Amino acid sequence: MPESATSQFHPLNKLQRIRPIFIFASALLSLSLQCLLADEPGKSILQRTDDDHKEVAQIHLRDSAERLLKATVFIRSAGDSASGVLISDSGLILTTAHSLPTEAASKSLNVVVMLHDRRSMKATVLVTDLSKDLALLRLHRPTPALPAPLPIADVKAVSRDQLDSATVLAAGFPGREHGASSAVVRLGKIVFQDNSTLRSTCTLTAGDSGGPLVRTDVTLIGLHWRIGAASDHNQHVSAAIIRQFVADWNNELPMPSTSNEQMSSTTVLPASSKIDSEFRRRVVSLAVTSPDADSVTQLGVGTLLNDRHIAAKLSQLRNSQNIVCRTAETNEYVPAELIAHSRTDDLAILRFTAWNQIVPELKQVTECTTNEIVYASGLSRPGIISRVQHSEQSLPARFGASLTDQGASSGMLVTDVSLNSTAFLCGIRKADVLMSIAPLNDRLPEGQNLHDLEQLFDSLQPGDWVQVQYRRNETVTTATGQLSIDPAAEFDRTEFLDGRSGPLSARRSGFNEVLQHDIPISPESCGGPLLNSHGELIGINIARRSRESTLALPISRVLQLAGTAPN
């Protein structure tokens, strides 16, 4: 408690008055914790296991994330978008100045604010401070149904050790989604701090500017400010600067103080040896052998479903012939074959053709919730599910050849080919005749009506593989190539920032009803398992979409496809 509050009482007299209450409260708290943590009646707090700690962290984190998301708002002004946070019951919203047009400094600009429940309201810019990069807005007609505002932390009451060791949460609206239906929450920790800024591992992207960074007690400790090149280089304006800015504008706004005890927060535990062991059993290394079996080329990873089947990312296979797999249980590769696939989900089901290992029962669950702690690699940092049943919008796939049906029989005449495009890398050149094209692993059609190419490409995404057949003079060639994204799209602000943080999956769009979490896995790790805090399989990581987003297929959908595959 701050010094100004404690000075009203004599310490000894105060202690005498509260001792009976303190004893009763302590006993009540102890009993409550035992009830919360007990797997069975009468379980002692001293008998808590790692799973007990995770369960407490999970419950606390879910409640905190829910409150954080309700206080995070979407701001649109002059064609741009940003995030903000509600800080008062009267409708005051805090955001960054750089996320507003320059004329906002005149205080005459109106902006549109969208709340968590999709209600849109007008707001006026009250004040901007470019030196602090902060701005304050007020909703025009705030209703009694506004979400609870977030208190601003008094950082003087928090030690550096406390802040460095604590779990933090970030929320914001990615600009890539153009009016997203909900904010995205991220999990992380503080990696650097000084008097004016914080740096966290909560991955930010364009559109997050002005969004809140909080402790798990949902106290505001920072405002999203700047994105660096690395995924863990995410900068935030500190609470000290925020409190000074708000107090300078209106010293009557409640600015609660927070003691060390109040600012302490649940620390989300790293993956346990149990989770690491489950990953080792689940992960399968995928490779393809040369026709003469003299060499092996790595393809990526898959997930062991049972003693016969493996789930993998379809677009990473490239070639469904001569596939071999290796598990943690054996040091040698075992042949496997592709028996089922879903191009919409970019999912492949493989089956061992020569393997007699007995796999112990693998735990899996078919239900998960938002704000649930998850793990995507052994002994890694945890992540958080921000969305379930999420749909990632489609992107146009680019082949890179101009075609005409004039001047060629049984095909389309190639009139132009873009350099380094899919068509170019397949060997197609101007004046060739394209005879057929089909998605890889589909039977190459004979006499295909190439006039339906537009419909074909509408069903494909950048990153999908196609097989083409073309004729040059009297020579017919069959080749495969991976469709690409339009180069102009890669210079979009959000796509550019996403690319700076590391490689993204080539196939990363057009998914429906998937899980979204914030663990920054590599594209090569897609196809691997997503586990919950109990080590249960809840999904298959299917795409590294952006800085803040990794997508996973729910395990129920994976098992459904595996169940339809031939025995």
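Provided above is the structure to which this section pertains.
Residues numbered from 1 in each chain as written. Predicted model: local features only at pLDDT ≥ 70, side-chain atom pairs only at ≥ 80, totals over all residues. Heavy atoms only, no water.

Examining the sheet that holds strand β25 (residues 465-472)
Argument step 1. In space, the five strands of this open sheet follow the order β22-β23-β24-β25-β26, with antiparallel pairing throughout. Every interior strand has two partners, whereas the edge strands, β22 (401-404) and β26 (475-482), have only one. The mean angle between the axes of side-by-side strands here comes to 40°, regardless of whether they run parallel or antiparallel. (Pairing = 2+ DSSP bridges. Helix = DSSP H or I, 4+ residues; strand = E, 2+ residues; numbered from the N terminus. Axes fitted to C-alpha atoms, helices over the stretch in contact; angles between N-to-C directions.)

Quick word on the sheet that holds strand β3 (residues 92-95)
Argument step 1. Taken in spatial order, the six strands close into a barrel running β1-β2-β3-β6-β5-β4, and their pairing is antiparallel. Between one strand and the next, the sheet's axes are offset by a mean angle of 40°, whatever the strand orientation.
Argument step 2. Taken together, the six bridges between strand β1 (residues 72-77) and strand β2 (residues 80-86) define a ladder with antiparallel strand orientation. Its bridge partner lying in β2, Ile75 is registered against Ala82.

Let's talk about the packing of aromatic side chains
Argument step 1. This structure, assessed with the given rule, holds two aromatic pairs.
Argument step 2. Seen in terms of ring centroids, Phe74 and Phe173 are 5.3 Å apart; in terms of plane orientation they differ by 65°. Their pairing is edge-to-face. Taken together, the residues Phe74 in strand β1 and Phe173 in the loop between β7 (167-172) and β8 (184-193) connect sequence positions 99 residues apart.
Argument step 3. Look at Phe74 and you get buried, because its relative accessible area is 7%.
Argument step 4. With a centroid separation of 5.8 Å and an interplanar angle of 35°, the aromatic rings of Phe399 and Phe457 are classed as tilted. Note that Phe399 is positioned in the loop between β21 (397-398) and β22 and Phe457 in helix α9 (residues 453-458), a separation of 58 residues in sequence. Phe457 matches Phe399 in its accessibility class, with the two residues each being buried.
Argument step 5. Positioned over the ring face of Trp225 is Arg226, at 4.2 Å from the centre of the ring.
Argument step 6. Sitting over the face of the ring of Phe511, Arg507 holds its NZ or CZ atom 4.6 Å from the ring centroid. (Phe/Tyr/Trp six-rings, centres within 6.5 Å; stacked < 30°, edge-to-face > 60°. Buried < 20%, exposed > 50% of the residue type's maximum accessible area, 1.4 Å probe, protein only. Lys NZ or Arg CZ within 6 Å of the ring centre and 35° of its normal.)

Some details on helix α11 (residues 555-564)
Argument step 1. Every buried residue of α11 is accounted for by Ile555, Arg557, Val558, Leu561 and Ala562. Each buried residue of α11 lies within a common arc of 165° when the element is viewed along its axis, so the set occupies one face. Opposite its buried face, α11 presents the exposed residues Gln560, Gly563 and Thr564, each directed more than 90 degrees away.
Argument step 2. Packing partners of the buried residues in α11 comprise β15 (309-313), β17 (334-342), β18 (347-352), β28 (511-517), β30 (537-546) and β31 (549-554). (Arc of directions from axis to C-beta. Contact = heavy atoms within 4.5 Å.)

Thoughts on the pairing of β25
Across a regular strand the side chains alternate sides, sitting on one face of the sheet and then on the other.
Argument step 1. Here strand β24 (residues 433-439) pairs with β25 via six bridges, running antiparallel. Each residue of the ladder has a partner; that of Ala438, found in β25, is Gln467.
Argument step 2. Taken together, the eight bridges between β25 and β26 define a ladder with antiparallel strand orientation. Among the inter-strand pairings, Val468 is bridged to a residue of β26, identified as Ala479.
Argument step 3. Hairpin connection of β25 to β26: two residues between the antiparallel strands, including Asn473 at a positive phi of 60°.

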